[in-house]
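# Structural description and commentary
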Amino acid sequence: MKHLRLVPILAFVALFVAACGGDSGPNSVPSDAVAVVGGETISKAEFAQVLAQAQRSYKAQHKAFPKPGTATYGTIRAQIMQFLVERSEYSQKAKDLGIKVSDKDVEDRLNQIKQQYFGTTNPGQKPKSNAEIEKLYAQQLKSQGLTDKDVKDGLRAQLIREKISEKVTKDVKASDDDAKKYYDDHKQQYEQPAQPASRDVRHILVKSHALALTVYKKLKTGGDFSKLALKYSTDSSKTTGGRLTVCKEKTVTCPLKTVAPFEKVAFSLKVNEISKPVHTQFGWHVIQALGPVNPPKKASTIPFDQVKAAIKQQQLQQKKQDAYNNWWNDTKKDFAKKTKYQVGYKPQATQTTTTG
């Protein structure tokens, strides 16, 4: 990810688009509010704040913001309402569940993000200073039309969702029996195909026998194989020192089967032995065996004990996702009965989407 999308409000909306409730619930919405959700009121100021953020984001990307009255403008307004309503729902459920997100939690997550996206360097390079990281962070905020507060508000909402998910799925378990049933029902996933005999070698390919002899003599007198391969070889493997894994048969897991003269020598050399020039249809090769011949293996099935932990982890994640989705769908249905919108602010109902 070259450009971190720190708090993509409208992306959050896309993830959490949900049915927005009917007209039942609170009897009225205050004149300075856009909606009442359960026990909380969403003010027009909050709506205007998010709308202004969307406008800044458009401007930072040199895009014209949709004009009022257009379908696109209406879509943005609806997305903002959906975002604000769901933020309120999450906030209220967090209180019910005794979940709190402190300023330190937000700062810790933000610092983690800054280090991940702005603090990393290439191997051997000096780590970036805090000042450099903060400068890059500020540049990214500007390029997206965001403020530091926008980022922290978004991270707080994200942390609330994460903690709620942990809370409502803490008792979900995956059993050994469930894992064994999955293993038995999907055994083809754990089959290892037969493996042909193979060997790791390296070679230098040149066009003439005379040049091959020159290369051979240089190697026999201590020449560096990788450097000579890079200098003389016409094969694409020269960039990796001429290294190849050659196989007796071509398979999906071992795709390189070489021509007969090369194969005969490659599999007959002693470990580290360098061959005299070998002629094939591609030219002249000088080959070195890097390790012993790997014997062929018959097709086999990976034992259950070796994959049980991975299967259980996969099933646990799915069960947690399902449990959270069920909780969230029930929560949305409950809030739908307790939500009322100001005239002109109610989004059209959309299909509920859940996420953990």
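Residues numbered from 1 in each chain as written. Predicted model: local features only at pLDDT ≥ 70, side-chain atom pairs only at ≥ 80, totals over all residues. Heavy atoms only, no water.

As for its position among the elements, Ser233 is in the loop between helix 9 (225-232) and strand 5 (243-247). There is a polar contact of 3.2 Å between the side chain of Ser233 and the backbone nitrogen of Leu205. Among the polar contacts made by the side chain of Ser233, one reaches the main-chain amide nitrogen of Asp235 at a distance of 3.2 Å. Apart from residues no more than four positions distant in its own chain, Ser233 is found in contact with His203, Ile204, Leu205, Leu228 and Lys238. (Helix = DSSP H or I, 4+ residues; strand = E, 2+ residues; numbered from the N terminus. Polar contact = N/O pair within 3.5 Å; in protein donor to acceptor, adjacent residues only side chain to side chain. Contact = heavy atoms within 4.5 Å.)

If you trace the 3 strands from one edge of the open sheet to the other, you get 2-1-9, paired in antiparallel fashion. Of all the strands in the sheet, just strand 2 (40-43) and strand 9 (339-341) have a single pairing partner and so form its edges. Direction aside, neighbouring strands of the sheet carry axes that sit 15° apart on average. As judged from the 3 bridges shared by strand 1 (residues 33-37) and strand 9, these two strands associate in the antiparallel manner. The residue bridging Val37 from the neighbouring strand is Thr339, located in strand 9. (Pairing = 2+ DSSP bridges. Axes fitted to C-alpha atoms, helices over the stretch in contact; angles between N-to-C directions.)

Turning next to the packing of aromatic side chains. All told, the structure shown has 9 aromatic pairs when counted by the stated rule. Here the aromatic rings of Tyr324 and Trp327 are separated by 5.6 Å at their centres, their planes lie at 35°, and the arrangement is tilted. Taken together, the positions of Tyr324 and Trp327, both in helix 11 (residues 304-336) and 3 residues apart, correspond to about one turn of that helix. A single burial state applies to Tyr324 and to Trp327, both of which are buried. Here the guanidinium or amino end of Lys180 rests over the ring plane of Phe304, the centre of that ring lying 5.9 Å away. (Phe/Tyr/Trp six-rings, centres within 6.5 Å; stacked < 30°, edge-to-face > 60°. Buried < 20%, exposed > 50% of the residue type's maximum accessible area, 1.4 Å probe, protein only. Lys NZ or Arg CZ within 6 Å of the ring centre and 35° of its normal.)

Counted residue by residue, strand 1 has 5 buried out of 5 residues, so it is predominantly covered. Direction of pairing for strand 1 relative to strand 2: antiparallel, over a ladder of 4 bridges. The residue bridging Ala33 from the neighbouring strand is Ser43, located in strand 2. The loop that links strand 1 with its antiparallel partner strand 2 comprises 2 residues; one of these, Gly38, has a positive phi angle of about 55°.

Looking now at the environment of Glu107. Tracing the chain through its elements places Glu107 in helix 4 (residues 103-119). For Glu107, a relative accessible area of 30% gives the class partly exposed.

On to the sheet that holds strand 5. Overall, antiparallel pairing links the 4 strands, which are arranged 5-4-7-6 in an open sheet. The open sheet has two edge strands with one neighbour each: strand 5 and strand 6 (278-280). Sheet twist, expressed as the average angle between the axes of neighbouring strands with direction ignored, equals 50°. Two elements, strand 6 and strand 7 (residues 283-289), share 3 bridges in a ladder whose sense is antiparallel. Across the sheet, the residue bridging to Thr280 is Gly283, located in strand 7. Against the sheet, helix 9 makes contact with strand 4 (198-206) and strand 7, and its axis sits at roughly 45° relative to strand 4, the strand it touches most.

On inspection of all chains with the given rule, the structure shows 22 salt bridges. Here Asp96 and Lys93 are joined by a salt bridge, their closest N and O atoms 3.7 Å apart. With Asp96 and Lys93 both in helix 3 (residues 71-96), this residue pair falls 3 residues apart, about one helical turn. One connected set of salt bridges, linked through shared partners, spans Glu86, Glu89 and Lys332. (Salt bridge = Lys/Arg side-chain N within 4 Å of Asp/Glu carboxyl O.)

It is worth stressing that arrangement in space is one thing and function is another; only the former is reported here.
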